[in-house]
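# Summary of the model geometry
These are the residues of each chain, in order.
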Amino acid sequence: MIDSRDNGFYIATDTLVRYVGEAAEVVIPDIVTVIDDYAFDGSYHVTSVTLPENLKSIGNTAMGGLDIKSLDFPNSLEFMGEYAVYKTSLSSIKIPTGMTTIEKYTFYSCREVKEIEIHGGVENIKNYAFGMIDDVENIYNYALTPQDIERGVFSCYTNATLHVVKGYKSVY
């Protein structure tokens, strides 16, 4: 394990096991390809996280509850666990092209979200993945056929507009 107490990162091989630093703006080192479950647990002072370009996985509840306004997910990202970024302050969500499944409760209760963009390769969206987001205005879905969508995925959406690929509206 690399013990980087100067900047608060505990990294084992390529996995960010824990962040215990005091910085509000965090830049995760490029060596990290996995952010472990609960890695930022208790780090409620964190308001910004920059993800490395080669990141592959974000674990369960890894950044849940942080006051993060935006996250640029790299296209290398293949997996985000349950509750990975729930109850954050994200204003928009853009699913990276490496992901084919959006796990249950991943973005649950991210109440500031106004826009969601789902690339065409997403095949499955699990229970409440985007649940309890009240004020979404636009959902952009680039899949040519609807995904397998489980219960409560888009619960609480009253005024959202679904945008699909031109010419494919009839399949939705």
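Right above here is the structure, for reference.
Definitions and limits used
- Each chain carries its own residue numbering, running from 1 in the written order of its sequence.
- Given that this is a predicted model, residues contribute local features only at a pLDDT of at least 70 and side-chain atom pairs are listed and counted only at 80 or more, while totals for whole chains, interfaces and linings are drawn from all residues.
- To get the side-chain values, all heavy atoms of the structure are used, and hydrogens and water are removed first.
- Each helix is a run of H or I in the DSSP string that is no shorter than four residues. Each strand is a run of E no shorter than two, and both are numbered from the N terminus.
- For the radius of gyration, the atoms used are the C-alpha atoms, and the globule rule reads 2.2 Å times the number of residues raised to 0.38.
- Each residue gets one of three labels from its accessible area relative to the maximum for its type: buried under 20%, exposed over 50%, partly exposed in between, using a 1.4 Å probe on protein chains only.
- Any two residues having at least one pair of non-hydrogen atoms within 4.5 Å are treated as being in contact.
- Method for areas: the Shrake-Rupley scheme with a 1.4 Å probe, in which residue coverage is limited to the protein chains shown.
- His is not counted, nor are the chain ends; Lys and Arg add positive charge and Asp and Glu add negative charge.
- For the purpose of locating charges, the reference atoms are NZ of Lys, CZ of Arg, CG of Asp and CD of Glu.
- What qualifies as a polar contact is a pair of N or O atoms within 3.5 Å, subject to a donor-acceptor requirement within protein and to the restriction that residues adjacent in sequence count only when both atoms come from side chains.
- Criterion used throughout: strands pair if DSSP finds at least two bridges between them.
- Definition of nonpolar core: a set of buried residues of the types Ala, Val, Leu, Ile, Met, Phe, Trp, Tyr and Cys, connected through side-chain atoms within 4.5 Å.
- An axis is simply a line fitted to the C-alpha atoms; with a helix, the fit covers only the stretch in contact. Between two such axes, the angle follows the N-to-C directions and lies from 0 to 180 degrees.
- Note that patches include only residues with greater than 30% relative accessible area and no salt bridge, and the join distances are 9 Å for like charges and 5 Å for nonpolar side chains (Val, Leu, Ile, Met, Phe, Trp, Tyr).
- Any Lys or Arg side-chain nitrogen located within 4 Å of an Asp or Glu carboxyl oxygen qualifies as a salt bridge.

This part is about the overall build of the protein chain. Scanning the protein chain for helices and strands turns up 0 helices and 15 strands. For 172 residues, the compact-globule formula gives about 16 Å, and the C-alpha radius of gyration of the protein chain, at 16 Å, lands near that figure. Here the C-alpha coordinates of the protein chain stretch approximately 55 × 25 × 25 Å along the principal axes. Residues classed as buried in the protein chain amount to 43% of the 172 residues present. Considering only intrachain contacts with a sequence separation of at least 6, the fraction spanning at least 24 residues in the protein chain is 23%. Total accessible area computed for the protein chain in this model is approximately 8600 Å², and 46% of it derives from carbon and sulfur atoms. Averaging the positions of the 13 positive and the 24 negative side-chain charges in the protein chain gives two centres separated by 7 Å.

Another point: the side chain of Thr33. Structurally, Thr33 is set in the loop between β4 (25–27) and β5 (34–35). A distance of 2.5 Å separates the side chain of Thr33 from the side chain of Asp14, its partner in a polar contact. Residue contacts for Thr33: discarding those within four places in its chain leaves Asp14, Asn54, Leu55, Lys56 and Ser57.

Tracing the chain through its elements places Val171 in the segment after β15 (161–164). The class for Val171 is partly exposed, based on a relative accessible area of 42%. A C-alpha to C-alpha distance of 6.5 Å links Val171 and Thr145, two positions 26 residues apart in sequence. Sequence-distant contacts of Val171, defined by excluding residues within four places in its chain, comprise Leu144 and Pro146.

This part is about the pairing of strand β11 (residues 115–118). On β11, burial follows the alternation: Ile116 and Ile118 on one face are buried, whereas Glu115 and Glu117 on the facing-out side are not. Here 3 bridges tie strand β9 (residues 92–94) to β11, and the two strands are oriented parallel to one another. Looking across to β11, one finds that Ile93 is bridged to Ile116. Two strands pair when backbone bridges link them, and β11 and strand β13 (residues 138–141) are joined in this way by 4 bridges, in the parallel orientation. Along β13, the bridge assignment pairs Glu117 with Tyr140.

This part covers the nonpolar core. Nonpolar side chains tend toward joint burial in soluble globular proteins. Formed by 44 residues in total, the largest nonpolar core has its most connected members in Ile35, Phe40, Ile58, Met63, Phe107 and Phe130. Those elements that provide at least two residues to this core are β2 (9–12), β3 (15–19) and β11.

We now examine the sheet that holds β15. Read across the open sheet, the 4 strands follow the order β9-β11-β13-β15; overall the sheet is parallel. Whereas interior strands pair on both sides, the edge strands pair on one side only; in this sheet they are β9 and β15. Strand-to-strand twist across the sheet, computed as the mean angle between neighbouring axes with direction ignored, equals 10°.

There is a patch of nonpolar side chains on the surface, built from Leu144, Leu162, Tyr168, Val171 and Tyr172 and spanning about 420 Å² of accessible area. Assignment of secondary structure puts Leu144 in the loop between β13 and β14 (148–149).

Moving on to the sheet that holds strand β10 (residues 101–102). Sheet strands pair via backbone hydrogen bonds, and the direction of the pair is either parallel or antiparallel. As summarised here, the arrangement of the 3 strands in space is β10-β12-β14, forming an open sheet in which the pairing is parallel. The outermost strands of the open sheet, each flanked by one partner alone, are β10 and β14. One ladder, built from 2 bridges, connects strand β12 (residues 124–125) with β14; its direction is parallel. Pairing of Asn124 across the sheet is with Asp148, part of β14.

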